[in-house]
Amino acid sequence: MTIGCGEELYSLVEEAKRLTQALLTQAGEHFGVQLRPVEIRFDLRGKAAGMVRFPSAGPPVIRYNRALLEKYQDSFIRQTVPHEVAHVVVAALYPRKTAPHGPEWRLVMNLFGAEPRRCHQFPVDEQSVRRLLRFDYRCGCREHRITSIRHNRITRGQRYYCRYCGEYLKAV
């Protein structure tokens, strides 16, 4: 029986989900804690292989880049899945602020038998990278070029401050 391209991708997605759950279980048993379930998505695009979000309500969300999973299969599963799960484990063990790739995270990566590397090494096609428009804004001390995402948030009422002078950013 030959596996079609869609079936192979489905199999990779299922393998990534299984490994995510297995690593959460492994860490929970190792550290003697009950880890919250996570939501797993395969909707990330661009250069990032994975990311974790911790919404104020609901479970943590792990987002994986489906295109990179399909292209780099085993390497993606061996490196990216443990990387993102380690972030979830560290957040559960250390509710106070920790460095994203600090000693706690590296400890969990070592537990998983994965190399504690901050960034993936996958070559990314420039065509797959999303290009965002930039908009000019000013504060009291300088000009800022912000992406269309932040620009749209500002038009909906969100405020951004300059890190240096503390003033609101205003459109030029």
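Look up a bit, the structure's there.
In this text, all values refer to a predicted model and were calculated from it rather than measured experimentally.

Participant: Whenever I open this one, the environment of Tyr-10 confuses me. Can you help?
Facilitator: Tracing the sequence through the fold places Tyr-10 in helix α1 (residues 5-31). With 14 residues separating them along the chain, Tyr-10 and Leu-24 place their C-alpha atoms 21 Å apart.

Participant: Is there a simple way to think about a positive patch on the surface in this case?
Facilitator: Together, Arg-53, Arg-150, Arg-153, Arg-156 and Arg-163 make up a positively charged patch on the protein surface. Inspection of the secondary structure puts Arg-163 in the loop between α4 (148-155) and β6 (170-171). Assessed through its relative accessible area of 80%, Arg-163 is described here as exposed.

Participant: Looking at this structure, how should I read the state of the cysteines?
Facilitator: Applying the stated criterion across every chain yields a total of zero disulfides. For Cys-162, which is in no disulfide, the shortest distance to another cysteine sulfur is to Cys-139 and amounts to 3.6 Å. A residue is classified by how much of its surface remains accessible, and Cys-162, at 5% relative accessible area, is buried. Not part of a disulfide, Cys-165 finds its nearest cysteine sulfur in Cys-139, a span of 3.7 Å. Judged by relative accessible area, which is 32%, Cys-165 ranks as partly exposed.

Participant: Can you help me understand the pattern of salt bridges in this one?
Facilitator: Taken as a whole, this structure holds five salt bridges when the rule is applied. One salt bridge connects Glu-39 with Arg-41, and the closest N-O pair in it is separated by 2.7 Å. A relative accessible area of 31% places Glu-39 in the partly exposed class. With a relative accessible area of 34%, Arg-41 lands in the partly exposed category.

Participant: When you look at the sheet that holds strand β5 (residues 143-147) in this model, what are you seeing that I'm missing?
Facilitator: Pairing between the strands of a sheet is mediated by backbone hydrogen bonds and can be parallel or antiparallel. On the basis of which strands lie adjacent, the open sheet formed by three strands has the order β5-β4-β6 and antiparallel pairing. Of all strands in the sheet, those bounded by a partner on one side alone are β5 and β6. Packed on one face of the sheet, α4 meets β4 (134-138) and β5 and runs near 95° to β5.

Participant: When you look at the sheet that holds strand β3 (residues 61-64) in this model, what are you seeing that I'm missing?
Facilitator: Strand order in the open sheet formed by three strands is β1-β3-β2, with mixed pairing between adjacent strands. Of all the strands in the sheet, the pair left with one neighbour each is β1 (39-41) and β2 (50-53). Along the sheet, successive strands turn relative to each other by an average axial angle of 15°, direction set aside. Relative to β3, β1 is paired through three bridges, and the arrangement is parallel.

Participant: Looking at this model, I keep getting lost on the pairing of β3. Mind explaining?
Facilitator: Pairing analysis gives four bridges linking β2 to β3, with the strands arranged antiparallel. Bridging across to β3, Arg-53 finds its partner in Val-61.

Participant: Help me understand the packing of aromatic side chains, please; the structure alone is not making it clear to me.
Facilitator: We describe a pair of aromatic rings using the distance from one ring centre to the other and the angle between the two ring planes. Using the criterion set out here, one finds three aromatic pairs in the structure. A ring pair is formed by Tyr-64 and Phe-76, whose centres lie 6.0 Å apart and whose planes are at 70°; its orientation type is edge-to-face. Separated by 12 residues along the polypeptide, Tyr-64 in strand β3 and Phe-76 in helix α2 (residues 66-93) bring together distant segments of the chain. On the basis of relative accessible area, Phe-76 is assigned to the buried category, the value being 0%. A ring pair is formed by Tyr-161 and Tyr-168, whose centres lie 4.7 Å apart and whose planes are at 35°; its orientation type is tilted. Relative accessible area serves as the criterion here: at 48%, Tyr-161 is assigned to the partly exposed category. You can call Tyr-168 partly exposed: its relative accessible area is 33%.

Calculation notes
- Residues numbered from 1 in each chain as written.
- Predicted model: local features only at pLDDT ≥ 70, side-chain atom pairs only at ≥ 80, totals over all residues.
- Heavy atoms only, no water.
- Helix = DSSP H or I, 4+ residues; strand = E, 2+ residues; numbered from the N terminus.
- Patch = residues over 30% accessible without salt bridge, like charges linked within 9 Å, V, L, I, M, F, W, Y side chains within 5 Å.
- Areas by Shrake-Rupley, 256 points an atom, 1.4 Å probe, with all protein chains shown as cover.
- Salt bridge = Lys/Arg side-chain N within 4 Å of Asp/Glu carboxyl O.
- Lys, Arg positive; Asp, Glu negative; His and termini not counted.
- Charge placed at Lys NZ, Arg CZ, Asp CG, Glu CD.
- Buried < 20%, exposed > 50% of the residue type's maximum accessible area, 1.4 Å probe, protein only.
- Disulfide = S-S within 2.5 Å.
- Pairing = 2+ DSSP bridges.
- Contact = heavy atoms within 4.5 Å.
- Axes fitted to C-alpha atoms, helices over the stretch in contact; angles between N-to-C directions.
- Phe/Tyr/Trp six-rings, centres within 6.5 Å; stacked < 30°, edge-to-face > 60°.

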